[in-house]
Amino acid sequence: REKRLDQREVLADHQRSVQELKQRNASLTQKEKQIDKKLHLTEKEIEAFETEKQQCVNKMNMTVPLLLSQIEISDANANGTTGTMPLYRLPPTMDELLIFESSAFTNLVQRISAQKQEKTETKKNYTELKKLHKSLTKTINLKQNEIDAEKKKCEQVQCLKYGRLVSLEALDLNNAVNAETVQLKEKLEGIKKEYTKKDVLWKRKLDESRNALQSLIAQNSRHLQTLSGLKCKQSKLAQELDALLDVDVIKDNAPSQRKKNRELHKLVQVAKTQSSEIDVLKAEIHLLQRKGAMLYH
């Protein structure tokens, strides 16, 4: 899965690079088209302006007084030659001539040179843009080939792992489910550890309660033995009391009433003391029974 995720990241990077190159290529192509269009429109506007200007100038009829020194014929056909030296002379008619100021003529000549230079620079830029277009196209093709190769590898991995091609959306959904499952497992492990600690604590408390219960059971057994001994002693005292009463009835020389009362008072005190001890033991037994302790007879 990590290898597949790495391949997907590399594929996404390649796709982003290709997309950026395509966008850059499209923007440069658009700029080139805009430059060509503007250049063509500018040339048309210049040509239309020059034509309109020339037409307007041709329609003008003006008389301009000029000195002979101000006139310069630049047409070679209008100049005669005598030997090696040119012969300057005025033409018989000026209907076919165009009059310019010398500064304007110089500016037009310089404009021609500037336009030639601009044309050279435009051709140079066009050549560079063309080379850049070729290089970008080549880079795009290389990136596309890399994307195709990575896509084939991804398809091979999918075929080896799943036996068929699986969409990336399904893999993303599966990864999300797996991540959620991992989170739930981690949460479950944390809950298990927490309740394991609580279980150990409660087991320790249960062992302590069992030990306390064992000690209480042993104490209860001792109390029961004491109760049994007291009951035996009570039965013996009752038998002795019955014997004394029988002897007192049979004897003629019976003791005085005061002595009899004193002995009966002693026996009643002993009986009350034993009864109070029996009540205390019964209360302890009842308390142990409420706590769930076992009684041994």
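**Q** How do you make sense of the overall build of the protein when you look at a structure like this?
**A** Helix and strand counts for the protein stand at four helices and two strands. The linear arrangement of helices and strands in the protein, starting from the amino end, is α-β-β-α-α-α. Here the protein holds 297 residues, and the buried ones make up 11% of them. Within the structure as shown, the protein displays about 25200 Å² of accessible surface, and the carbon and sulfur contribution to it stands at 56%.

**Q** Whenever I open this one, helix α1 (residues 2–59) confuses me. Can you help?
**A** Because each turn of an α-helix spans 3.6 residues, side chains separated by three or four positions in sequence point in the same direction. In this model, α1 (58 residues) spans 84 Å end to end at C-alpha, consistent with the 86 Å of a helix rising 1.5 Å per residue. Every buried residue of α1 is listed here: Arg4, Gln7, Leu11, His14, Val18, Leu21, Asn25, Leu28 and Glu32.

**Q** Just to check I follow, could you spell out helix α2 (residues 102–162) for this structure?
**A** End to end, α2 covers 87 Å across 61 residues, agreeing with the expected 90 Å (1.5 Å per residue, within 8%). The complete set of buried residues in α2 reads Leu136, Ile140, Ile147, Glu150, Cys154 and Gln158. Where α2 terminates, the next one or two residues include Gly163, which has phi positive at roughly 85 degrees.

**Q** Honestly, the packing of aromatic side chains in this entry has me stumped. Any pointers?
**A** Ring pairs (aromatic) are described by centroid distance and by the angle formed between their planes. Scanning the model with the defined rule gives zero aromatic pairs in all. One cation-aromatic arrangement involves Lys198 over Tyr195; the distance from NZ or CZ to the ring centre is 5.0 Å. For the cation-ring pair, Lys205 lies above Trp202, with the distance from its terminal atom to the ring centre recorded as 4.5 Å.

**Q** Is there a simple way to explain the confidence of the model for the protein in this structure?
**A** Close inspection of predicted coordinates is inappropriate for parts of the model with low pLDDT. On average, the protein scores 77 in pLDDT, and the residues at 70 or more come to 77%. In the predicted structure, residues 249–254 sits below a pLDDT of 50 and forms one contact with residues beyond four places in sequence or in another chain. Overall, residues 293–297 carries pLDDT values under 50, and its contacts beyond four positions in sequence, including any with other chains, amount to 11 contacts.

**Q** Even after reading the chapter, I still don't get the nonpolar core, so can you show me in this structure?
**A** The tendency in soluble globular proteins is for nonpolar side chains to be buried as a group. Leu11, Val18, Leu21, Leu28, Leu136, Ile140 and Ile147 form the largest nonpolar core, which has seven residues in total. Secondary-structure elements contributing two or more residues to this core are α1 and α2. In terms of residue count, α1 provides more of this core than any other element does, four residues in total. Beyond its immediate chain neighbours, meaning those up to four positions away, Leu136 contacts Leu21, Asn25 and Leu28. One finds Leu224, Leu227, Leu281 and Ile285 within the second-largest nonpolar core, a separate group that totals six residues.

**Q** Is there a simple way to think about the environment of Leu142 in this case?
**A** Relative to the helices and strands, Leu142 is located in helix α2. Given a relative accessible area of 48%, Leu142 falls into the partly exposed group. Along the sequence, Leu142 and Val18 sit 124 residues apart, while their C-alpha atoms lie 9.3 Å from each other.

Reading the values: the criteria
Residues numbered from 1 in each chain as written. Predicted model: local features only at pLDDT ≥ 70, side-chain atom pairs only at ≥ 80, totals over all residues. Heavy atoms only, no water. Helix = DSSP H or I, 4+ residues; strand = E, 2+ residues; numbered from the N terminus. Buried < 20%, exposed > 50% of the residue type's maximum accessible area, 1.4 Å probe, protein only. Areas by Shrake-Rupley, 256 points an atom, 1.4 Å probe, with all protein chains shown as cover. Expected span 1.5 Å × (residues − 1). Phe/Tyr/Trp six-rings, centres within 6.5 Å; stacked < 30°, edge-to-face > 60°. Lys NZ or Arg CZ within 6 Å of the ring centre and 35° of its normal. pLDDT = per-residue confidence, 0-100. Contact = heavy atoms within 4.5 Å. Core = buried A, V, L, I, M, F, W, Y, C linked by side-chain atoms within 4.5 Å.

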